[in-house]
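Observations on chain architecture
Each chain, written out:
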Amino acid sequence: MKTPFFKAVIAIVRKDMQAELRSRELLSSMGMFALLSILIFSFALQLDIVARQEVVGGVLWVTVVFASILGLNRSMATEREGSSFDALLLAPVDRAAVFFGKLGGNFIFTLTVGVLLLPLMSLLYNIVLLNGYLLATLTLGTLGFSITGTLLATMTVQTRARESLLPILMLPIALPVLLASVNASSGILRAAPLGDWFAWLQILGAVDVIYLALCYLLFGYVIEE
Amino acid sequence: MKPLIEARALTKAYGFTFALRKLDLTVLRGEWVALLGANGSGKSTLLRLLTGLSRPTAGTLTIGGWEIPREAEAMRAQLGVVSHKPLLYETLTARENLRFFARMYHLPKDSAEERITALLSRVGLSRRGNDLVRTYSRGMQQRLSIARALLHNPDILLLDEPHTGLDRDGAALLDTILQEAHADKRTILMATHELERAAALATRIVILSRGTLVYDAPAAGFDGERLAAQYAAVSNELKAASNE
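1. As for the overall build of chain B
A count of helices and strands for chain B gives eight helices and 10 strands. Relative to the globule expectation of 18 Å for 244 residues, the C-alpha radius of gyration of chain B, 18 Å, shows essentially globular dimensions. C-alpha atoms of chain B, sized along the principal axes, occupy 60 × 40 × 35 Å. Considering only contacts within chain B whose residues lie at least 6 apart along the sequence, 69% involve residues at least 24 apart.

Okay, here's the thing in structure tokens:
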């Protein structure tokens, strides 16, 4: 008998949470990297308030993207250690449930780091980043990276050069997500009129939906040898 | 009697290298087949194809009437797999690992807890059930891997060198568990290099060489020594044929 789709998705997310709560390998490495990045940027970019409003969106996304790559690599490497991913694939569950389960875990970890960055960056850059629209952009952008990243990390983890291969593959593919996220964030931080940046948020939502559909369709092929 | 497992002209190639060549094999329900052969003979490839984790290059494969890999998802609930790799999460405890797989196999929560406790006790890990798998020795991981494979009461057991890492007691325990499973009408396919064990446990001996089936006979009447002699004779014949 086949395991119900959502039961399998929840079981995988729960398993990843449980493993992470115990080892704290993923969040600690992602968090430390993110913290160091924003500190370096804050020392390097001694800017006035207007210039800061322009660049802080970019700093936020560069940090989130590279922290997410770090997390994605680790998350999939954990699955490959001891071949536990094979055990996952041997269960009578839809392949898509495995994809959504892994995506759920990756998304939660990356979003946690992103949300923790907002108050820290508000303090360091003296700009209010705790904003509902910015939180929505962060959520949609992180989802976009997690979608493409989960698919690509599943592919690259099988290769020897996985650490370098994932960013090389992921950054060009996730470029529409990055572009829309940075533009929407910059508009929000500049307190520009809604009409100036809201289209970017809509584009981000649309790109997420397209990528989700594509990755859902491709995942089954990617996990085959 | 309709075969439970049926492979017809099963072929698997990795690029230009053939791991299996037009293999024909049928296995009846309740049989215990020992798959023998040198490294690279195609034993693990055959087992991987049977799990549906790998796609055949050519030929057909059915298990219980399900076409593999197209209908593998439905068939997987009937499969229990033990490999020479543990197939476990090292950052979870033994009990958490089994609970996770119980959820993945849609076992009811209450009966799953009972089954987990019983299996941990059966494989001698009751006292270490709440310890992280990463703190286990290789043999203990293999015992837990056996418990994971039996958790959902599968009809078919696919075993790829299952005695790897087990000490004498662990290997004897595995043999007993497998004998019980076989007595319970489970079908077992076991790839192994241990001829004595294969002769003692299996009901049928299959030898693969370079991806082809070169010997297939009932195990009755074989002991370790006779099987070793038969294995050597088959190997020598093949060597002579390839030299000609």
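2. Re the overall build of chain A
From N to C terminus, chain A includes nine helices and zero strands. Helices and strands appear in chain A in the N-to-C order α-α-α-α-α-α-α-α-α. Against the 2.2 N^0.38 benchmark of 17 Å for 225 residues, chain A shows a C-alpha radius of gyration of 18 Å, consistent with a compact globule. The principal-axis extents of the C-alpha atoms in chain A amount to approximately 60 × 35 × 30 Å.

3. Considering the interface of chain B and chain A
Between chain B and chain A, the residue contacts involve 25 residues of the former and 27 residues of the latter. Within the residue set of the side of chain B that touches chain A, elements represented by two or more residues are helix H2 (72–75), strand S6 (79–82) and helix H3 (94–104) of chain B. Residue contributions to the side of chain B that touches chain A peak at four residues, all from H3(B). Taken together, the residues of the side of chain B that touches chain A break down into 13 nonpolar, five polar and seven charged.

4. Brief notes about the nonpolar core
Grouped together as the largest cluster of nonpolar side chains are 142 residues, with contacts concentrated most on B:Ala34, B:Leu35, B:Leu189, B:Ile205 and B:Val206. With sequence-adjacent residues up to four places away left out, B:Val206 is seen in contact with B:Leu25, B:Val33, B:Ala34, B:Leu35, B:Leu36, B:Leu213, B:Tyr215 and B:Asp216.

5. Focus on the pairing of strand S1 (residues 5–14) of chain B
Residues and elements named next belong to chain B. In this sheet, strand S2 (residues 17–27) lies alongside S1 in antiparallel orientation, the contact comprising seven bridges. Within the sheet, the bridge partner assigned to Glu-6 lies in S2 and is Thr-26. In this structure, the hairpin formed by S1 and S2 is closed by a connection of two residues, where Gly-15 is found at a positive phi of approximately 65°. As paired strands, S1 and strand S4 (residues 58–63) are joined by five bridges and run antiparallel to one another. Bridged to Thr-11 within S4 is Ala-58.

6. Observations regarding the sheet that holds strand S9 (residues 204–209) of chain B
Residue and element names in this part refer to chain B. Spatial ordering of the open sheet is given by S6-S7-S8-S3-S9-S10, a layout of six strands whose pairing is mixed. Here the strands that pair on one side only, and so sit at the sheet edges, are S6 and strand S10 (212–218). Here the average twist between neighbouring strands, direction ignored, is 15°. Pairing between strand S7 (residues 156–160) and strand S8 (residues 187–191): five bridges, direction parallel. Note on S8: the bridge partner recorded for Asp-160 is Ala-191.

7. Quick word on the packing of H3(B) against helix H5 (residues 138–150) of chain B
Helix-helix packing is described using two parameters, namely the angle between the two axes and the distance between the axes. Residues and elements named next belong to chain B. At a minimum axis distance of 10 Å, the contact between H3 and H5 shows a crossing angle of 25°. In terms of orientation, H3 lies roughly parallel with respect to H5. As H3 packs across H5, the resulting crossing turns out to be right-handed. Residues Ala-94, Asn-97, Leu-98 and Phe-101 of H3 lie in contact with H5, whose contacting residues are Leu-144, Ala-147 and Arg-148.

8. Section: the sheet that holds strand S5 (residues 66–67) of chain B
What the four strands build is an open sheet, ordered S2-S1-S4-S5 (chain B); its pairing is antiparallel. Sheet topology places S2 and S5 of chain B at the edges, where each strand pairs with a single neighbour.

9. Side note on the pairing of S8(B)
Residue and element names in this part refer to chain B. Taking burial as the measure, the five residues of S8 include five buried ones, the bulk of the element. Where strand S3 (residues 32–36) and S8 come together, four bridges link them in parallel fashion. Along S8, the bridge assignment pairs Trp-32 with Ile-188. Each parallel crossover has a hand, and the one from S7 via helix H6 (residues 168–183) to S8 is right-handed.

10. Concerning the environment of A:Gln46
Take A:Gln46: it is sitting in the loop between helix H2 (25–44) and helix H3 (49–80). For the pair A:Gln46 and A:Val59, spaced 13 residues apart in sequence, the C-alpha separation works out to 13 Å.

11. As for the confidence of the model for chain B
All names here are of chain B. Confidence in the prediction of chain B, expressed as mean pLDDT, is 90, and 99% of residues score 70 or more. For chain B, helix H8 (residues 224–243) is the element with the lowest average pLDDT, namely 75, and H3 is the one with the highest, namely 96. Scoring the predicted complex yields pTM 0.89 and, for the interface, ipTM 0.88.

12. Re helix H8 (residues 175–189) of chain A
The α-helix advances 3.6 residues per turn, and as a result positions three or four apart in sequence lie on the same side. Residues and elements named next belong to chain A. The terminal C-alpha atoms of H8 lie 21 Å apart, and with 15 residues this matches the ideal 21 Å at 1.5 Å per residue to within 8%. For H8, the tally of buried residues reaches 12 of 15 residues, placing the bulk of the element in the interior. Every buried residue of H8 is listed here: Val-177, Leu-178, Ala-180, Ser-181, Val-182, Asn-183, Ala-184, Ser-185, Ser-186, Gly-187, Ile-188 and Leu-189. Contacts made by the buried residues of H8 are with H3, helix H6 (132–156) and helix H9 (194–222). Of the residues flanking the end of H8, it is Ala-191, one or two places downstream, whose phi is positive at about 60°.

The rules behind each value
Residues numbered from 1 in each chain as written. Chains lettered and ligands numbered in written order. Predicted model: local features only at pLDDT ≥ 70, side-chain atom pairs only at ≥ 80, totals over all residues. Helix = DSSP H or I, 4+ residues; strand = E, 2+ residues; numbered from the N terminus. Rg over C-alpha atoms; globule rule 2.2 N^0.38 Å. Contact = placed C-beta atoms within 7 Å. Nonpolar A, V, L, I, M, F, W, Y, C, P; charged D, E, K, R; others polar. Core = buried A, V, L, I, M, F, W, Y, C linked by C-beta atoms within 7 Å. Buried ≥ 20, exposed ≤ 12 C-beta atoms within 10 Å, placed from the backbone. Pairing = 2+ DSSP bridges. Axes fitted to C-alpha atoms, helices over the stretch in contact; angles between N-to-C directions. Parallel < 35°, antiparallel > 145°, perpendicular 65-115°, else oblique. Left-handed = near helix turned anticlockwise from the far one by under 90°. Right-handed = clockwise from strand over helix to strand, strands pointing away. pLDDT = per-residue confidence, 0-100. Expected span 1.5 Å × (residues − 1).

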